[in-house]
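Commentary on secondary and tertiary structure
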Amino acid sequence: MALLIIGSKRADAFADAVRAEAPDLDVRIWPEAGRIEDIRYALAWHPPTGVLKTLPNLEVIVSVGAGVDHLLKDPDLPDLPIVRYVDPDLTNRMVGYLVLHVLFHQRRMCEFLELQRQRKWEFRGEPAMHEVRVGLMGLGVMGEATAKALKPFGFQLLGWSRTQKTIEGVRCFAGQEGLDEFLAGTDILACTLPLTPETRGMINRDLLRKLSRHGRHPRLPGPVFINAGRGGLQVEADILAALDAGELYAASLDVFETEPLPETSPLWTHPRVIVTPHNAAESTPESIGRYTVRQIRRHEAGEPLENLVDRTRGY
Ligand code: NAP
Ligand code: GLV
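Report on the accompanying structure. Sequence order sets the numbering: in each chain, residues are counted from 1 along the sequence as written. Chain letters and ligand numbers both follow the written order, the letters beginning at A and the numbers at 1. Residue-level local features of this predicted model are given only where pLDDT is at least 70; pairs of side-chain atoms are given and counted only at 80 or more, and the full residue set underlies all totals for whole chains, interfaces and linings. Where side-chain values are given, they derive from all heavy atoms of the structure, hydrogens and water being excluded.

Describing the site of ligand 2
Each residue is tested against the molecule or strand, and it is near if at least one of its non-hydrogen atoms lies within 4 Å. As a matter of local geometry, ligand 2 sits amid Trp 45, Gly 65, Ala 66, Gly 67, Arg 230 and His 278. The definition of a polar contact used here is a pair of N or O atoms within 3.5 Å, where within protein one atom must be able to donate a hydrogen and the other to accept one, and adjacent residues in sequence count solely through side-chain atom pairs. The separation between an oxygen atom of ligand 2 and a polar main-chain atom of Ala 66 is 2.7 Å. Gly 67 is positioned with one of its backbone polar atoms (N or O) 2.8 Å from an oxygen atom of ligand 2. Computed with a 1.4 Å probe, the accessible areas rest on the Shrake-Rupley method; for each residue, only the protein chains presented here act as cover. In isolation ligand 2 has 190 Å² of accessible area, and contact with the protein removes 87% of it. By residue class, the composition of the shell around ligand 2 is two nonpolar, three polar and one charged. Gly counts as polar in this scheme, as do all residues outside two lists: the nonpolar Ala, Val, Leu, Ile, Met, Phe, Trp, Tyr, Cys and Pro, and the charged Asp, Glu, Lys and Arg.

Points about the site of ligand 1
Around ligand 1, the structure places 28 residues, and the nearest of them are Leu 139, Thr 163, Lys 165, Asp 254 and Tyr 315. Between a nitrogen atom of ligand 1 and a side-chain N or O atom of Glu 198, the distance comes to 3.0 Å. Summarising the interface, the protein chains cover 94% of the accessible area of ligand 1, which totals 940 Å² for the free molecule. At the level of secondary structure, the elements contributing two or more residues to the shell around ligand 1 comprise helix 5 (141-150) and strand 7 (156-161). Classifying every residue of the shell around ligand 1 by side-chain character gives 13 nonpolar, nine polar and six charged. Comment: elements are numbered from the N terminus, with helices defined as DSSP H or I runs of at least four residues and strands as E runs of at least two.

Quick notes on the sheet that holds strand 8 (residues 170-174)
Strand pairs in the sheet, formed through backbone hydrogen bonds, run parallel or antiparallel to each other. Two strands are counted as paired when DSSP detects at least two bridges linking them. A sheet is described by the order of its strands in space; here seven strands give the open sequence 8-7-6-9-10-11-12, paired in parallel fashion. The sheet is open, and its two borders are formed by strand 8 and strand 12 (273-275), each paired with just one other strand. Across this sheet, the average inter-strand angle for adjacent strands is 15°, counted without regard to direction. Residues count as neighbours in contact if any of their non-hydrogen atoms are within 4.5 Å of one another. The angle between two axes is taken between their N-to-C directions and runs from 0 to 180 degrees, where each axis is a line fitted to C-alpha atoms and a helix contributes only its stretch in contact. Contacts from helix 5 reach strand 6 (133-137), strand 7 and strand 8, with the element oriented near 160° to strand 6.

Thoughts on helix 3 (residues 88-106)
By this rule the span expected of a helix is its residue count minus one, scaled by 1.5 Å. Between the first and last C-alpha of helix 3 there are 27 Å, a value that for 19 residues agrees with the 27 Å anticipated at 1.5 Å per step. Its side-chain oxygen 2.8 Å from the backbone nitrogen of Asp 89, Asp 87 forms the N-cap of helix 3. At the C-terminal side of helix 3, Arg 108 shows a positive phi close to 60°.

Focus: the packing of aromatic side chains
The rule is short: rings of Phe, Tyr and Trp, with Trp giving its six-membered ring, pair when the centres are within 6.5 Å, and they are stacked under 30 degrees, edge-to-face over 60, tilted in between. Taken as a whole and assessed by the stated rule, the structure comprises three aromatic pairs. A ring pair is formed by Tyr 85 and Tyr 291, whose centres lie 5.2 Å apart and whose planes are at 80°; its orientation type is edge-to-face. Placement of the pair is Tyr 85 in the loop between strand 5 (82-83) and helix 3 and Tyr 291 in helix 9 (residues 285-300), with a sequence separation of 206 residues. On the numbers, 6.2 Å between centres and 55° between planes, the contact of Phe 173 with Phe 182 is tilted. Categorising residues by exposure relies on relative accessible area from a 1.4 Å probe, with only protein chains included: less than 20% of the type maximum marks a residue as buried, more than 50% marks it as exposed, and the intermediate range marks it as partly exposed. Phe 182 gets classed as buried once you look at its relative accessible area, which sits at 0%.

Observations regarding the pattern of salt bridges
We count a salt bridge whenever a side-chain nitrogen from Lys or Arg sits within 4 Å of a carboxyl oxygen from Asp or Glu. Under the defined criterion, the tally for this structure stands at 24 salt bridges. The closest approach of N and O atoms between Arg 40 and Glu 59, which form a salt bridge, is 2.7 Å. You can see Arg 40 sitting in strand 3 (residues 39-44) and its partner Glu 59 sitting in the loop between strand 3 and strand 4 (60-63), a full 19 residues away along the chain. Given a relative accessible area of 21%, Arg 40 falls into the partly exposed group. Residue Glu 114 is joined to Arg 117 by a salt bridge in which the shortest nitrogen-to-oxygen separation is 2.9 Å. With Glu 114 and Arg 117 both in helix 4 (residues 109-117), this residue pair falls three residues apart, about one helical turn. Classification of Arg 117 as exposed rests on a relative accessible area of 55%. What emerges from the salt-bridge pattern is a single network uniting Asp 26, Arg 28, Arg 35 and Asp 38.

Here you go:
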């Protein structure tokens, strides 16, 4: 029985971490797959199209990420259970990213960075936290944990998901029918949606125009967009146009239509855009090693796998 690690640039580190957890496990790194009949488990991140199909005795695919769009895009993906990565360390990192960027924009930090570049000492007050409405787009593992972390600051919280949720202290909206009201009540939109056929490209100019105009609080001059979900959710030309038209005040983007973000993208230098290289929440080798071995042990013991992906939903 062997585990094949496929597609990640950090495959060596993942292999070391798995071996530290399970010294007897036969761990291989693609393309050095050896006798492919031995391979029953795959740990994958953006595997090359068609590779998983070539493994005749594969039983379980573990995703290196919480998102599984990188797997589901393969038209030849075998019809096997897919375990996505859900881990307190990953969630905590995402919560940290989102809280940081919500506070960053509530405190008008893009303006202060610009003033610093100009060596200008200029007082600018921020809106009170209780005056700012944060809309969490996606109320799954990441969205709900972020809502809980933001609550003690006093922000007004809204959330949007596919199915209706009930979360204390969060005004929850669901589906297309709840989207416009959710957007109209949102000053800072923080997105952790998965990329699916339904969500692809949905952050476009029309959607951004529906964000709160009340966001034009004298101290928060317009709505803010934060994306830590997937780049395929957003239309970057529309984000830039909305920023330049004053429909959007600022944006923090961790994910992009094309990654790495091309050097020619105007997002790199826009004074109201914060760019990070898809590192909002890292899957660390230690946690991935532990998680993968746990899934293998559960499967071998006939216990249910955790965090299975529903392919019909796409996440
Ligand atoms: P999750 O638990 O599956 O939550 C997904 C949320 O999105 C759920 O609330 C779901 O609604 C909602 N949703 C899905 N499709 C929708 C639709 N068509 N309309 C409205 N809501 C929809 O996932 P998670 O663990 O929170 O992770 C979310 C995403 O974060 C991942 O898929 C990945 O893309 C991204 N991520 C990024 C990084 C990074 O470093 N940037 C790291 C980790 C994860 P229901 O609750 O009704 O199902
Ligand atoms: C990272 O992008 C993840 O999906 O976990």
